[in-house]
Amino acid sequence: PAGVAVRRWGIKPCIIAGNLFLAASSSAYVVAKSAWQLAILHGCFAVCYCLSGVAPLIILCNSWFVHEKASAIGLLLTGFSMAGVFWPPIIGAVAEAHGWRAAYALLPLCTC
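Just so we're clear, the structure is a prediction, and the values are computed from it rather than from any experiment. (Residues numbered from 1 in each chain as written. Predicted model: local features only at pLDDT ≥ 70, side-chain atom pairs only at ≥ 80, totals over all residues. Heavy atoms only, no water.)

Caption draft 1: Here's a closer look at the overall build of the protein chain. Scanning the protein chain from terminus to terminus reveals 7 helices and 0 strands. Shown N-terminal to C-terminal, the secondary structure of the protein chain runs as helices and strands in the order α-α-α-α-α-α-α. Per-residue burial for the protein chain yields a buried fraction of 28% across its 112 residues. Relative to all contacts within the protein chain whose residues are 6 or more apart in sequence, the contacts with residues 24 or more apart total 57%. When the accessible surface of the protein chain is summed, it comes to about 7200 Å², and 73% of that surface belongs to carbon and sulfur atoms. (Helix = DSSP H or I, 4+ residues; strand = E, 2+ residues; numbered from the N terminus. Buried < 20%, exposed > 50% of the residue type's maximum accessible area, 1.4 Å probe, protein only. Contact = heavy atoms within 4.5 Å. Areas by Shrake-Rupley, 256 points an atom, 1.4 Å probe, with all protein chains shown as cover.)

Caption draft 2: Quick peek at helix H2 (residues 11-28). Its 18 residues place the ends of H2 26 Å apart at the C-alpha level, agreeing with the 26 Å of an ideal helix rising 1.5 Å per residue. Residues Ile11, Cys14, Ile15, Gly18, Leu22, Ala23, Ser25 and Ser26 constitute the buried set of H2. (Expected span 1.5 Å × (residues − 1).)

Caption draft 3: Main features of the nonpolar core. If you look at the biggest cluster of nonpolar residues, it comprises 11 residues: Ala5, Val6, Ile11, Cys14, Ile15, Leu51, Leu57, Cys61, Ala72, Ile73 and Leu76. Every element with two or more residues in this core is listed here: helix H1 (2-9), H2, helix H4 (54-64) and helix H5 (69-98). Excluding anything up to four places from it in sequence, Ile73 contacts Ile58 and Cys61. Counting 6 residues, the second-largest nonpolar core is a separate cluster that includes Tyr29, Leu41, Phe45 and Cys48. (Core = buried A, V, L, I, M, F, W, Y, C linked by side-chain atoms within 4.5 Å.)

Caption draft 4: View of the packing of aromatic side chains. Applying the stated criterion across every chain yields a total of 4 aromatic pairs. With centroids separated by 6.1 Å and ring planes inclined at 80°, the aromatic side chains of Tyr29 and Phe45 adopt a geometry described as edge-to-face. Here the residue Tyr29 occupies a position in the loop between H2 and helix H3 (35-52), and Phe45 occupies one in helix H3, the gap between them amounting to 16 residues. A relative accessible area of 18% means that Phe45 is categorised as buried. Both rings, one in Trp100 and one in Tyr104, keep their centres 5.6 Å apart while their planes meet at 85°; by these two values the pair is edge-to-face. Note that Trp100 and Tyr104 are positioned in helix H6 (residues 100-105) at a spacing of 4 residues, about one turn of the helix. Classification of Trp100 as partly exposed rests on a relative accessible area of 37%. What makes Tyr104 partly exposed here is its relative accessible area of 27%. In textbook terms, an aromatic cluster arises when at least three aromatic residues are bridged by ring pairs, as seen for Tyr29, Phe45, Trp100 and Tyr104. (Phe/Tyr/Trp six-rings, centres within 6.5 Å; stacked < 30°, edge-to-face > 60°.)

Caption draft 5: Region of interest: the environment of Val31. Looking at the element boundaries, Val31 is found in the loop between H2 and H3. For Val31 and Ala105, which are 74 residues apart along the polypeptide, the C-alpha to C-alpha distance reads 9.7 Å.

Caption draft 6: Fine view of the side chain of Ser25. By the element assignment, Ser25 lies in helix H2. Setting aside its immediate chain neighbours within four residues, Ser25 contacts Leu41, Cys44 and Phe45.

Caption draft 7: Structural detail: the packing of H4 against H5. One way to put it is that H4 packs onto H5 with a least axis distance of 9 Å and a crossing angle of 155°. It follows from the interaxial angle that H4 and H5 lie roughly antiparallel. Judged by the twist between their axes, the crossing of H4 over H5 is right-handed. Along its contact with H4, which presents Val54, Leu57, Ile58, Cys61 and Asn62, the element H5 presents Lys69, Ala72, Ile73, Leu76, Leu77 and Phe80. (Axes fitted to C-alpha atoms, helices over the stretch in contact; angles between N-to-C directions. Parallel < 35°, antiparallel > 145°, perpendicular 65-115°, else oblique. Left-handed = near helix turned anticlockwise from the far one by under 90°.)

See the structure below:
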């Protein structure tokens with residue numbers, strides 16, 4: 001899905017829209033009242049993450065760098081991996097101390 005959107009509208013609009021809607025959908029988790037609302041929000045979160053996640057950024061690196069392309073993509077993927085190492089314990093600690101809604105309130109800061 002991200003490749004089709006990037007081809008149609010370009011990388012920059014997709015990443016910007018994906019990040020904005022990602023922040024909005026992750027902020028809405030806090031006010032969800034039922035499981036079906038969480039399911040819809042999670043679907044929106046997934047679509048937005050596809051627009052602003054790894055695939056569009058790899059396309060950007062691939063088109064931006066002529067030399068050292070592999071190093072740029074490697075650094076990008078390392079950054080994504082490091083975020084996966086550092087953020088879950090922080091979010092988990094906040095969830096234990098203050099509840100899952102407080103932890104989800106931090107997600108817009110983590111995703112953008």
